[in-house]
Amino acid sequence: MLRLLSPKTHNSYRKIPFFGEAEEMLLQQKAKTDCLKKALGNRFRATGEYADLVFVTTMGSPVLRYHAEKEIKKVVKEINEQEAFELVQEQREPHYFEDMYPHAIRHTFCSRCFEAGMQPKVVQSIMGHQHYSTTIDIYTHVSESRYQEEIGKFGRAVEPEEAESKEPEKEQSFWLGQTFG
């Protein structure tokens, strides 16, 4: 038997803002669930403490992690099938998606918040983490494109100095503030 339980920690009690079109999408989903509830009548399975759920199965049962995993696997399979078709046409190496689980979406969300320039303490609060180290060390990942972009910042930082050099033929190396010719 399923039961709704209270959150694990005091940090789990938090306000989670709606990003982008999230509020509109949730309201649309709730309207669909309400229509399903009306259509099924007393066959609608989510009753009692589950009566107001937004995400339910086609019979009104609560959507569990396993349902989400199944749907994600379908999407990954479709993406990989499309990739298999395109790589043959384009004669290139494959770029397949790996299996993914719903919790990975939290990691992606956290990483994208930092990529968008959000303040670390705000991200920590949204994620519900007591310790900043959990947010930054476990949930934040650097994409290859972001890595390359950040590495490029160093090149852009030294380019102006090189352009202003009075002796363009002479190569200089800098180490801890000392110049070596």
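Calculation rules
- Residues numbered from 1 in each chain as written.
- Predicted model: local features only at pLDDT ≥ 70, side-chain atom pairs only at ≥ 80, totals over all residues.
- Heavy atoms only, no water.
- Helix = DSSP H or I, 4+ residues; strand = E, 2+ residues; numbered from the N terminus.
- Contact = heavy atoms within 4.5 Å.
- Areas by Shrake-Rupley, 256 points an atom, 1.4 Å probe, with all protein chains shown as cover.
- 1 Å grid on protein atoms, 1.4 Å probe; cavity = no way out; pocket = protein on both sides within 12 Å on 5 of 7 lines; lining within 4 Å.
- Points joined across faces, edges and corners; volume = space filled by probe spheres on them.
- Nonpolar A, V, L, I, M, F, W, Y, C, P; charged D, E, K, R; others polar.
- Patch = residues over 30% accessible without salt bridge, like charges linked within 9 Å, V, L, I, M, F, W, Y side chains within 5 Å.
- Salt bridge = Lys/Arg side-chain N within 4 Å of Asp/Glu carboxyl O.
- Polar contact = N/O pair within 3.5 Å; in protein donor to acceptor, adjacent residues only side chain to side chain.
- Expected span 1.5 Å × (residues − 1).
- Buried < 20%, exposed > 50% of the residue type's maximum accessible area, 1.4 Å probe, protein only.
- Arc of directions from axis to C-beta.
- pLDDT = per-residue confidence, 0-100.
- Disulfide = S-S within 2.5 Å.
- Axes fitted to C-alpha atoms, helices over the stretch in contact; angles between N-to-C directions.
- Parallel < 35°, antiparallel > 145°, perpendicular 65-115°, else oblique.
- Left-handed = near helix turned anticlockwise from the far one by under 90°.

Structural notes on the overall build of the protein chain
Then step 1. Tallying secondary structure elements over the protein chain gives six helices and two strands in all.
Then step 2. Beginning at the N terminus, the succession of helices and strands in the protein chain can be written as α-α-α-α-α-α-β-β.
Then step 3. Nonlocal contacts in the protein chain, meaning residues at least 24 apart in sequence, comprise 40% of its contacts between residues at least 6 apart.
Then step 4. Surface accessibility of the protein chain: about 14700 Å² in total, with carbon and sulfur atoms responsible for 57%.

Thoughts on the layout of surface pockets
Then step 1. Computed from the structure, the largest pocket encloses a volume of approximately 960 Å³.
Then step 2. Considering the residues around the largest pocket, the lining is formed by 24 residues, among which R14, I16, R106, I126 and M127 are closest to the centre.
Then step 3. Among the elements of the structure, α1 (22-40), α3 (104-115), α4 (120-127) and α5 (132-139) are those that each provide at least two residues to the lining of the largest pocket.
Then step 4. The element contributing the most residues to the lining of the largest pocket is α3, with three residues.
Then step 5. Here the residues of the lining of the largest pocket sort into twelve nonpolar, nine polar and three charged.

Remarks on a nonpolar patch on the surface
Then step 1. A cluster of nonpolar side chains, F18, L26, F55 and V63, forms an exposed patch at the surface whose accessible area comes to about 350 Å².
Then step 2. You can see V63 is positioned in the loop between α1 and α2 (65-90).

Describing the side chain of H129
Then step 1. Along the chain, the position of H129 falls in the loop between α4 and α5.
Then step 2. Polar contacts involving the side chain of H129 include one to the side chain of R106, which spans 3.3 Å.
Then step 3. Not counting residues up to four positions away in its chain, the partners in contact with H129 are N11, R106, Q124, T134, T135 and Y139.

Side note on α3
Because an α-helix packs 3.6 residues into every turn, residues spaced three or four apart end up facing the same way.
Then step 1. The terminal C-alpha atoms of α3, which comprises twelve residues, lie 17 Å apart, in line with the 16 Å expected from a rise of 1.5 Å per residue.
Then step 2. Among all positions of α3, only H107, C110, S111, C113 and F114 are buried. Here the buried residues of α3 occupy an arc of 155° about the axis, which is enough to place them on one side.
Then step 3. Just beyond α3, the residue with positive phi is G117, at close to 90°.

Observations regarding the confidence of the model for the protein chain
Then step 1. Averaged over the protein chain, the pLDDT score is 88; the fraction of residues at 70 or greater is 88%.
Then step 2. Within the protein chain, no element has a lower average pLDDT than strand β2 (residues 178-180), which sits at 44, and none a higher one than α1, at 97.
Then step 3. Residue range residues 170-181 is modelled with pLDDT below 50. Its contacts to residues more than four positions away, or to other chains, number ten contacts.

Some details on unusual backbone geometry
Then step 1. Even without being a glycine, Q91 presents a positive backbone phi close to 50°.
Then step 2. For Q91, the location among the structural elements is in the loop between α2 and α3.
Then step 3. A relative accessible area of 73% places Q91 in the exposed class.

Some details on the environment of P102
Then step 1. Mapped onto the secondary structure, P102 falls in the loop between α2 and α3.
Then step 2. A relative accessible area of 21% means that P102 is categorised as partly exposed.
Then step 3. Considering only alpha carbons, one finds P102 and E71, 31 residues apart in sequence, at a separation of 9.7 Å.
Then step 4. Setting aside its immediate chain neighbours within four residues, P102 contacts R65, A68, E69 and I72.

Structural notes on the state of the cysteines
Then step 1. Inspection of the entire model under this criterion finds zero disulfides.
Then step 2. With no disulfide of its own, C110 has C113 as its nearest cysteine by sulfur position, at a separation of 6.3 Å.

Section: the packing of α3 against α4
Then step 1. Relative orientation of the contacting elements α3 and α4 amounts to 160°, with a least axis distance of 10 Å. Considered as vectors, α3 and α4 are oriented roughly antiparallel to each other. Judged by the sense of rotation from one axis to the other, the crossing of α3 with α4 is right-handed. Contact residues: α3 offers R106, F109, C110, C113 and F114, while α4 offers P120, V123, I126 and M127.
Then step 2. Partitioned by chemical class, the residues of the contact of α3 with α4 number eight nonpolar, no polar and one charged.

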